[in-house]
Amino acid sequence: MNLRYCAWLQDSMGCSSEQIALPDDVKTVGMLLDWLPTRNERSRSAFEYIDVVLVSVNLRYAGRDHPVRDEDEVILAPPIAGG
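Residues numbered from 1 in each chain as written. Predicted model: local features only at pLDDT ≥ 70, side-chain atom pairs only at ≥ 80, totals over all residues. Heavy atoms only, no water.

**Things to note about a nonpolar patch on the surface**
- A contiguous nonpolar surface patch, about 310 Å² in accessible area, is contributed by Trp 8, Tyr 49 and Val 52.
- Relative to the helices and strands, Trp 8 is located in helix α1 (residues 7-13).
- Assessed through its relative accessible area of 32%, Trp 8 is described here as partly exposed. (Patch = residues over 30% accessible without salt bridge, like charges linked within 9 Å, V, L, I, M, F, W, Y side chains within 5 Å. Areas by Shrake-Rupley, 256 points an atom, 1.4 Å probe, with all protein chains shown as cover. Salt bridge = Lys/Arg side-chain N within 4 Å of Asp/Glu carboxyl O. Helix = DSSP H or I, 4+ residues; strand = E, 2+ residues; numbered from the N terminus. Buried < 20%, exposed > 50% of the residue type's maximum accessible area, 1.4 Å probe, protein only.)

And the structure:
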């Protein structure tokens with residue numbers, strides 16, 4: 001899977017994207033969001049506020065029930081507010 005990070009997630013992860021192999025039990029966006037913070041300390045810290053992140057799968061917004069596969073591109077984009 002090509003996982004792309006936007007805004008503060010990019011800063012927190014130290015990269016704009018990475019290639020990952022999904023564990024066999026990760027089948028949906030919700031499962032992906034639950035799994036990502038468990039990978040390592042950097043991920044745990046970066047995904048502390050994962051509930052506010054918008055998810056796009058193959059350039060379409062996706063809810064927690066949307067299926068994910070290794071060949072997908074997933075974009076994680078925190079909401080951005082201006083002042």
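Structure shown, so let's carry the discussion forward.
**Remarks on the pattern of salt bridges**
- Under the defined criterion, the tally for this structure stands at six salt bridges.
- Note that Arg 4 is salt-bridged to Glu 73, the shortest N-O span being 3.4 Å. Of the two residues, Arg 4 sits in strand β1 (residues 2-5) while Glu 73 sits in strand β5 (residues 73-77), which places them 69 residues apart along the sequence.
- Measuring nitrogen to oxygen at the nearest pair gives 2.7 Å for the salt bridge that ties Arg 69 to Glu 71.
- In this structure, a network of salt bridges that share partners links the residues Arg 69, Glu 71 and Asp 72.

**Describing the packing of aromatic side chains**
- The tally for this structure, following the rule as stated, stands at one aromatic pair.
- Ring plane angle 50° and centroid distance 6.1 Å describe the contact between Tyr 5 and Phe 47, whose orientation is recorded as tilted. With Tyr 5 in strand β1 and Phe 47 in the loop between α3 (41-46) and β3 (54-57), the pair connects residues that are 42 residues apart, well separated along the chain. (Phe/Tyr/Trp six-rings, centres within 6.5 Å; stacked < 30°, edge-to-face > 60°.)

**As for the pairing of β5**
- Both β1 and β5 contribute to a ladder of four bridges, which runs parallel. When the sheet's bridge partners are listed, Arg 4 is paired in β5 with Ile 75.
- In this sheet, β5 lies alongside β3 in antiparallel orientation, the contact comprising four bridges. Among the inter-strand pairings, Val 57 is bridged to a residue of β5, identified as Val 74. (Pairing = 2+ DSSP bridges.)

**Considering the nonpolar core**
- Formed by 22 residues in total, the largest nonpolar core has its most connected members in Met 1, Leu 3, Leu 32, Phe 47, Val 68, Val 74 and Leu 76.
- Taken together, the elements giving at least two residues each to this core come down to β1, α1, α2 (29-35), β3 and β5.
- Ranked by residue count, the leading element in this core is α2, at three residues.
- Leaving out residues up to four positions away in the same chain, Leu 76 has contacts with Leu 3, Arg 4, Tyr 5, Cys 6, Leu 9, Leu 33, Leu 36, Phe 47, Val 53, Leu 54 and Val 55. (Core = buried A, V, L, I, M, F, W, Y, C linked by side-chain atoms within 4.5 Å. Contact = heavy atoms within 4.5 Å.)

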